[in-house]
Amino acid sequence: MTRALKVLLLVLLAVGVALPTGYSTFVHSEREVVIGAHDATVQPTFTGHARIDFGTLIPQIRVPAEAPLGLGVDIRLGDSEITDLDQLVAQDAAIAAQPQGEIASVRSTVVSMLIDAAMRAAGAALLAVLVAVLAWRAIGRTRRRAILASARHPRGAQVLGAVGVGLVTVAALVLVAAPDRPRSDETAWQPIGAVFPELPSDQVLDKVEIAQGASTQGSRALVEGALATYRTSVSFYGRLAVNAASAEVRTPAEGETTALVVTDRHDNIGMDPVARAIAERAGARLLIDLGDDTSNGGSWETFSINSLAREFRGFDVVAVAGNHDTGPTVRKQMEDKGFTVLDGEPVTVGGVRFIGSSDPRSSGLTAGYSGDPSANSMSLKQQDEQLQKATCDDGDVSVIAVHSPSSATRAAASGCADLVLSGHLHRQVGPTTVAGANGRTTTTMTTGSTGGAVYAFALGSKLRREAQVTIVTFADGRPVGLQPVSFQPGGIIEVADFAPITTSPR
């Protein structure tokens, strides 16, 4: 047997083992993830559709996956921390109006399963090749010739044939007897417009199909309510984003850069495309997130960070967590998405020297709430003292970024930084310039809720109250101006005058 033939046989063996192993592993894979307000199970398919199973009360839906090789996905939604069904359906509908963050999360999960399946297939192929090579060498040339000679005899050929058939049978059984084998989709589907003919044309809903069956009729009121919320959200925030793209904001002069400040989004992902439109209009490539992206820091609220990361992909992001983000979930997800999460030490991002840290408190809605107001106050005081010392020791900090203005009162009064940015109050305060103890000036600015939140709630089909972002302009890494942009519940955009910042020599 020639060397080339041996290599060809080994390659065929590797491919013959890798392909069925990889396919079987992939289609039998499942991952537990959080989608919207639900725990969910994701399983890849080759149906060409993304199918979502809401449970018994709401009919299944599916949309084209628009992925190569007919790749699709089954998503089974499970439990949620929201117990009121009407509230849950309305929240799901509002999230569905801005689904890009969740789509990116599911896509990442499927790619991860595909990589795992490929690694397992490669390992199985390598093992098969090693076994074949070792067996070839172990048998030896003399024994191989004897086996070949016996194969030419009719009885020997029958034995070898039986062994081959046995191996093929075992391989087939391994593939078809795998647990939880995906079943073919026998559900009858129809366009959602056929079930709800009153729906206006919509580029997303026109692709949605809904499962036929008893649940469709029995859940009609729930589905109609969800569709109404979806349409209102798409319409309101869509118009707002279009208008924001033409807002008359100041653009950076030569040698200047800009950043966009968001804070207190409280799950209102509808405002993310609007904020991105303002950032694009202002020429910003840096996002400063001052926290309270969620309402209680729960794992079900990961959709909020998913959306922010998806909308501001390509931006440098500096972030702190707020008192409503208490717990490991939000900060960990920020880090996983590549955000620079400030932790009390100076860091340079986008040419700007930052310092800051996440809010040490927990709100009454979060799992970590202690119920002791004095403990929260002491935490803020300690945070303020630590930030003041670290800022003054560094000597080059331009911006202090915190969630609450109370976290940087002493730091602002020290004069060791040019600008203190905060949120938490859900209303604009400043800009105000104060003379520091060292003779330098510091400007403070509190931005209102970017989500238009009432207390800790903002997610819905439209703004509940005024929302706000702030554009910060820098020159040589130091702030030179601020420009708040406000959004009214009626859809009116108000751009404030550019407020110059005069910094002291260092």
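Residues numbered from 1 in each chain as written. Predicted model: local features only at pLDDT ≥ 70, side-chain atom pairs only at ≥ 80, totals over all residues. Heavy atoms only, no water.

J.: Sorry if this is basic, but what is going on with a nonpolar patch on the surface here?
T.: Taken together, the side chains of Leu5, Leu8, Leu9 and Leu12 make up a nonpolar region of the molecular surface, amounting to roughly 360 Å² of accessible area. Inspection of the secondary structure puts leucine 12 in helix α1 (residues 3-27). On the basis of relative accessible area, leucine 12 is assigned to the exposed category, the value being 53%. (Patch = residues over 30% accessible without salt bridge, like charges linked within 9 Å, V, L, I, M, F, W, Y side chains within 5 Å. Areas by Shrake-Rupley, 256 points an atom, 1.4 Å probe, with all protein chains shown as cover. Salt bridge = Lys/Arg side-chain N within 4 Å of Asp/Glu carboxyl O. Helix = DSSP H or I, 4+ residues; strand = E, 2+ residues; numbered from the N terminus. Buried < 20%, exposed > 50% of the residue type's maximum accessible area, 1.4 Å probe, protein only.)

J.: Sorry, what's going on with the packing of helix α8 (residues 272-282) against helix α9 (residues 302-311) here?
T.: For any two helices packed against each other, the geometry is given by the interaxial angle and the distance between the axes. At their nearest, the axes of α8 and α9 sit 10 Å apart, and the two run at 25° to each other. Relative to α9, the element α8 is oriented roughly parallel. Crossing angle aside, the handedness with which α8 passes α9 is right-handed. Here Asp272, Pro273 and Arg276 of α8 come into contact with α9, specifically with Ser304, Ser307, Leu308 and Glu311. Taken together, the residues that form the contact of α8 with α9 break down as two nonpolar, two polar and three charged. (Axes fitted to C-alpha atoms, helices over the stretch in contact; angles between N-to-C directions. Parallel < 35°, antiparallel > 145°, perpendicular 65-115°, else oblique. Left-handed = near helix turned anticlockwise from the far one by under 90°. Contact = heavy atoms within 4.5 Å. Nonpolar A, V, L, I, M, F, W, Y, C, P; charged D, E, K, R; others polar.)

J.: What am I meant to see in helix α10 (residues 328-336) here?
T.: At 3.6 residues per turn, the α-helix brings residues three or four places apart onto the same side. Residues of α10 that are buried include every one of Val330, Gln333 and Met334, and no others. One side of α10 holds all its buried residues, which, seen down the axis, span an arc of 105°. Across α10 from its buried face, at more than 90 degrees, point the exposed residues Pro328, Glu335 and Asp336. Buried residues belonging to α10 abut β9 (286-289), α9, β10 (316-319) and β11 (340-341). Backbone geometry just after α10 places glycine 338 at a positive phi near 90°. (Arc of directions from axis to C-beta.)

J.: It is not clear to me how the sheet that holds strand β17 (residues 441-446) should be interpreted in this structure. Could you clarify?
T.: The strands making up a sheet are joined through hydrogen bonds of the backbone, oriented either antiparallel or parallel. Spatial ordering of the open sheet is given by β12-β13-β14-β15-β17-β16, a layout of six strands whose pairing is mixed. Sheet topology places β12 (347-349) and β16 (429-435) at the edges, where each strand pairs with a single neighbour. Pairs of neighbouring strands in the sheet enclose a mean axial angle of 25°, with direction left out of account. In the sheet, β16 pairs with β17 via five bridges, with the strands oriented antiparallel. From the neighbouring strand, alanine 435 faces β17, where its bridge partner is threonine 441. (Pairing = 2+ DSSP bridges.)

J.: I'm lost on the packing of aromatic side chains in this one. Help?
T.: Ring pairs (aromatic) are described by centroid distance and by the angle formed between their planes. In the structure shown here, the tally under the stated rule is four aromatic pairs. Between the aromatic rings of tyrosine 23 and phenylalanine 46, the centroid separation amounts to 5.8 Å while the plane-to-plane angle is 25°, which identifies the pairing as stacked. Taken as a pair, tyrosine 23 in helix α1 and phenylalanine 46 in the loop between β2 (38-45) and β3 (49-53) lie far apart in primary sequence, 23 residues in all. Residue classification places phenylalanine 46 among the partly exposed residues on the basis of a relative accessible area of 40%. Residues phenylalanine 26 and phenylalanine 46 carry aromatic rings whose centres are separated by 6.0 Å and whose planes lie at 65° to one another, so their mutual orientation is edge-to-face. Of this pair, phenylalanine 26 sits in helix α1 while phenylalanine 46 sits in the loop between β2 and β3, placing them 20 residues apart in sequence. Taking relative accessible area as the criterion, phenylalanine 26 reaches 4% and is therefore assigned buried. Grouping aromatic residues by their ring pairs yields a cluster made of Tyr23, Phe26 and Phe46. (Phe/Tyr/Trp six-rings, centres within 6.5 Å; stacked < 30°, edge-to-face > 60°.)

Interpretation in functional terms is not warranted from these geometric data alone.
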